[in-house]
Structure formats: structure tokens, C-alpha cells
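Fold and contact review
The residues making up each chain are set out below.
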Number of protein chains: 2
Amino acid sequence: MTEDAAVRRSRITPERVAEIYAAVLDLLREVGYDALTMDAVAARTRSSKATLYRQWGGKAELVVRAMRCQKPGSTGDVDTGSLQGDLHGLIGREGDYVMEQNAALMRALAMAVHTNDDLRRAFRDLLVEPEIDEFRGIVRRAVERGEVHPDNPALDYMVHMLVGAFATRTLIDEQPPTRDFLISYIDAVVLPALGVSPR
Amino acid sequence: MTEDAAVRRSRITPERVAEIYAAVLDLLREVGYDALTMDAVAARTRSSKATLYRQWGGKAELVVRAMRCQKPGSTGDVDTGSLQGDLHGLIGREGDYVMEQNAALMRALAMAVHTNDDLRRAFRDLLVEPEIDEFRGIVRRAVERGEVHPDNPALDYMVHMLVGAFATRTLIDEQPPTRDFLISYIDAVVLPALGVSPR
């Protein structure tokens, strides 16, 4: 079901959909996936539960669609001519506040995506795979330019390196991930592992 | 309160304490921290709730003590003469089953440690800090041997690199972290980032 179909079916406005998605993400960060109820979403958005179920079918679909909606656009257009520039550009799209909010969402979902098959599948198809594809594009161009050797073994771990630093920052340092932290991590870890000297 | 004090106070045997800790960790992996109740621990271990509260005070202390108890011993004695050897040795202490179980524990706690101050403090003091200290020892020896330049910026990110790969493996690849995966990640990412060529 596309958002358009949802809008058409109930004459719900796109603004209203955006409002509901924002409330879902707020609740998710506050209480986590398991404790998030359709009742709470209905109460906070002054909707009826019947409307929510009619529009989204259930909690897993509502949550994943809300997350996909707040994701920034594709990086297809980040093409600066160097791997360092592309990776910095990727980070630069998002403000520190958005990154902290995303880190909170990851924590809220960490357990649920492993115990709920529907949620995991939706999460993977709608969020993880597109992310991996974006990295593939950036890395492919770096290999084509001759910046990175095509057999460099760190190429297999691009996502682990970056998502790992993002996900562990708060736990290890009791500070949220920020743009400065990720830029510094890219220059200290990701580029040297790929055999590229940061400028 | 040390485990000894707990044992003395109620004549509970160390075997019984180990049994209760194992049940707590099982429940934690199954339902997560928020949904874990002292009732469930009491039921599964055929203890009374009064006993559990008397021994451990509350849920946060019981959970963190259970986690600390199952942690393998210090790596103080892993000293192979090379950074690669030490890092591989660190991984080699744990079997794949234990690593998968630990990844499940991390997921179960990811949200709770951020929303519960007591739990976060206990988690940090009893689990994160000792882990960081172990890495510091390994890295210090590598710097003293001249393997790693003392100003290498990746030195600040040892824990992010390793814990990050461990934590994101299941999400990204839908496979649990294994010894082979972590060894390969160390050789592909961690050592090259530190300017060390894996053998």
C-alpha cells in the first residue's frame, strides 16, 4: 500500500499522515517497540484506532512506514570526486539532532527487529537494503577512480564500520553520535582501512 | 554487596546463585529488560520474590550481576607479542554460541540502558569500563613494541570498531557474529586502520 493509496482511501491529508508518523516515532523513542500501542498512537494523534488499522494494517507496517518517511533522500547525488568527499557528504546531510534521534530509534528497535519477523523483513527491505545500496554506489566509484583496490577486504565491511560507530557511540562515550564524531571516525578508521590517506 | 555477602546472608548456595543468574539471562534474551519481571524470575527458578529482593535489591542490580558473572575472565594474560595475536586471542576466548548469546543480551539491553539511569551506571561500571581497560592494555603494549604509532588517530576508536562490528553483524547480514567473522574484520579493518599489516 503506498502512502497515496492510504491518503485516497480515507481522504486523510498528507499533513495528517506526517503528523501521525511523527507521533509514532516520538512514542517509539520514548517507550520502545514492544510497549508502543495503537491505543497510545490514537490518543496522542486524536485519531480512532479503527482509522489507524484501516490505513496501515498494524503496528509493524505503521512503524516502518513512519521510519522510511523520515529518512533523508537518496545520496545518489553525492558525487564529489573523492571517497573522502563522498563519505563526508553522506554524513553532512543530517544535523546532529536528527542523528541523535535516529540513534534513539535504533535502540528502540534493536530487540524488536530480532524477535518480530514481519518487522525485521520490513525493516530490512525498506531501510537496510537501500542504505547498503547507497554505500555500494559510493564505493564503486572510488574503485573506478582507482582510489581503492577492488580486492581490498575492508570493502565488505563499509556498513559495519559506519553503522557500528554510530550505534555504539552513546554506549561507549555517553555522548550522542554527531557529525564531528563521524567525520573524525571516517578519517581515522574507514579511509585508512581502505588504503586511502585522508587529506 | 558482593556475591559472597549474598550467599552468607541467606545461606543460598553458589550453585543456586548461578542457576538464578542463568535464568535471568535467558529471560532477558527472550523478552528484553522492560518486560522482564521479578515474578517471572521467581517462577522460573522456583524462588520467592521476597528472596530475590532480599538478595539483590531490585531488577537492575540482579541483571547486571548476572551479566558480570557470565563474562569471561580478564584478558590480562593474553600477551602473544603482536597486536594481531592479542586481538585474535581476545576473540578466541569465546565460542560462537557464547558470542551469539551476548549479541542477544546487547539487543535486549540497548534501549533499557539509555532510559534507566541505575542500569546504565551499573552497566558502565561493571561491564563497559573493564572492557575498555582491557583494550587499553593490549594497545599500550603494541605502542611500546613500536607496532603502532602513539599518535595514530584510530587508537581512540578501538572499542567502537570492535563492538560496532559485533553489534551490527546480525542486523546487516542476518547472521550472528562468529569468531571467523570477527577475525576477518580485525584483519581487514582494525589492523590496517592502525597501520599494521596483517600476516
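Everything quoted here is computed from the prediction, not taken from an experiment.

**What about the overall build of chain A?**
For chain A, the helix and strand inventory stands at 11 helices and 0 strands. What you see in chain A, going N to C, is helices and strands ordered as α-α-α-α-α-α-α-α-α-α-α. The principal-axis extent of the C-alpha atoms belonging to chain A is close to 55 × 35 × 30 Å. Looking at the 199 residues of chain A, the share that counts as buried comes to 50%. Taking as baseline every contact in chain A between residues at least 6 positions apart, the subset at least 24 positions apart corresponds to 66%. Computing the positive centroid from 25 side-chain charges and the negative centroid from 30, chain A places the two 7 Å apart.

**A look at the domain arrangement of chain A**
Residue and element names in this part refer to chain A. Assigned domains within chain A: domain 1 (3-68) and domain 2 (72-193). A C-alpha centroid distance of 27 Å is found between domain 1 and domain 2. Remark: the boundary between domain 1 and domain 2 carries 0 salt bridges. Scanning the region where domain 1 abuts domain 2 turns up 2 residue pairs in polar contact (both at pLDDT 80 or more). It is helix 5 (residues 59-70) that contributes the most residues to the side of domain 1 that touches domain 2, 5 residues altogether. In the side of domain 1 that touches domain 2, the residues fall into 7 nonpolar, 1 polar and 2 charged.

**Section: the interface of chain B and chain A**
Each side of the interface is counted separately: chain B has 39 residues, and chain A has 39 residues. Between chain B and chain A, a total of about 3300 Å² is buried, with carbon and sulfur atoms accounting for 70% of that surface. The interface formed by chain B and chain A contains 4 salt bridges. Between Glu174(B) and Arg124(A) there is a salt bridge whose closest N-O contact spans 2.9 Å. Between the two partners, chain B and chain A, sit 12 residue pairs in polar contact (both at pLDDT 80 or more). Mapped onto the side of chain B that touches chain A, the elements with two or more residues apiece are helix 2 (14-35), helix 7 (96-110), helix 8 (112-115), helix 9 (117-144), helix 10 (158-173) and helix 11 (179-193) of chain B. Here the side of chain B that touches chain A is composed, by residue class, of 23 nonpolar, 7 polar and 9 charged.

**Observations concerning the relation of the copies chain B and chain A**
The two copies are related by a screw operation: chain B maps onto chain A through 180 degrees of rotation and 0.0 Å of translation along the axis, at an RMSD of 0.0 Å. Those values place the two copies in the arrangement expected of a two-fold rotation axis. Taking C-alpha positions as the reference, the residue of chain B nearest the rotation axis is Gly164(B), at 1.7 Å. Most of the interface of chain B is mirrored in chain A, where 100% of its interface residues are also at the interface.

**Some remarks on the pattern of salt bridges**
Residue and element names in this part refer to chain A. Applying the stated criterion to the full structure yields 32 salt bridges over all chains. Across the salt bridge formed by Arg29 and Asp26, the nearest N and O atoms sit 3.1 Å from each other. Highlighted residues: Arg29 and Asp26, both in helix 2 (residues 14-31), separated by 3 residues, approximately one helical turn. Since its relative accessible area comes to 18%, Arg29 is described here as buried. Using a relative accessible area of 33% as the deciding quantity, one classes Asp26 as partly exposed.

**Examining unusual backbone geometry**
Peptide bonds are trans in most cases, and residues, glycine excluded, mostly fall at negative phi. In this structure, Arg46(B) is a non-glycine residue whose phi angle is positive, near 50 degrees. Examined against the element boundaries, Arg46(B) turns out to sit in the loop between helix 3 (38-45) and helix 4 (49-56).

**Here we look at helix 10 (residues 158-173) of chain A**
Residue and element names in this part refer to chain A. Taking 1.5 Å of rise per residue, the 16 residues of helix 10 would be expected to cover 22 Å, and the 22 Å separating its terminal C-alpha atoms lies within 8% of that figure. Remark: the principal bend of helix 10, roughly 35 degrees, maps to Ala167. Among the 16 residues that make up helix 10, 14 are buried, leaving the element largely enclosed by the rest of the structure. Directly beyond the C-terminal end of helix 10, a positive phi value near 50 degrees is found at Glu174.

**Here's the deal with the packing of helix 5 (residues 59-70) of chain B against helix 7 of chain B**
All names here are of chain B. For the pair helix 5 and helix 7, interaxial distance at closest approach is 13 Å and the crossing angle is 160 degrees. The orientation of helix 5 relative to helix 7 falls into the category roughly antiparallel. Every pair of crossing elements has a handedness; the one defined by helix 5 and helix 7 is left-handed. Here Val63, Met67 and Gln70 of helix 5 come into contact with helix 7, specifically with Asn102, Leu105 and Leu109. When its residues are assigned to classes, the contact of helix 5 with helix 7 shows 4 nonpolar, 2 polar and no charged.

What counts, and at which threshold
- Throughout this document, residue positions are counted from 1 along each chain, in the order its sequence is written.
- Think of it this way: whatever chain is written first is A, whatever ligand is written first is 1, and the rest follow in order.
- The predicted origin of the model limits local features to residues at a pLDDT of at least 70 and limits the giving and counting of side-chain atom pairs to 80 or more, whereas totals for whole chains, interfaces and linings rest on all residues.
- The basis for every side-chain value is the complete set of non-hydrogen atoms in the structure, without hydrogens or water.
- Note on conventions: DSSP H or I runs of at least 4 residues are helices, E runs of at least 2 residues are strands, and numbering of each starts at the N terminus.
- Relative accessible area decides the class of each residue, using a 1.4 Å probe on protein chains only: under 20% of the type maximum gives buried, over 50% gives exposed, and in between gives partly exposed.
- By definition in these notes, contact holds between two residues if any of their heavy atoms fall within 4.5 Å.
- Think of it this way: Lys and Arg go in the positive column, Asp and Glu in the negative one, and His and the chain ends go nowhere.
- The location of each charge is read from NZ of Lys, CZ of Arg, CG of Asp or CD of Glu.
- The start and end points of each domain follow an automatic or database-based domain assignment.
- Salt bridges, as used here, are contacts in which a Lys or Arg side-chain nitrogen is within 4 Å of a carboxyl oxygen on Asp or Glu.
- Any pair of N or O atoms that falls within 3.5 Å is considered a polar contact. Within protein, one atom must be able to donate a hydrogen and the other to accept it, and sequence-neighbouring residues count only if both atoms are side-chain atoms.
- Three residue categories are used. Nonpolar comprises Ala, Val, Leu, Ile, Met, Phe, Trp, Tyr, Cys and Pro, charged comprises Asp, Glu, Lys and Arg, and polar comprises the others, including Gly.
- Each of two parts loses accessible area, computed with a 1.4 Å probe, when they are put together; buried area is these two losses added.
- To superpose the copies, least squares is applied to the C-alpha atoms of every residue with a pLDDT of at least 70 in both.
- To estimate how far a helix should reach, multiply one less than its number of residues by 1.5 Å.
- Bending is quantified residue by residue as the angle between axes fitted to the seven-residue window ending at that residue and the seven-residue window starting at it.
- Lines fitted to C-alpha atoms define the axes, with helix axes restricted to the stretch in contact, and inter-axis angles between N-to-C directions lie between 0 and 180 degrees.
- By definition in this entry, angles of less than 35 degrees are roughly parallel, angles greater than 145 are roughly antiparallel, angles of 65 to 115 are roughly perpendicular, and the rest are oblique.
- By definition, turning the near helix anticlockwise from the far helix through less than a right angle yields a left-handed crossing, and turning it clockwise yields a right-handed one.

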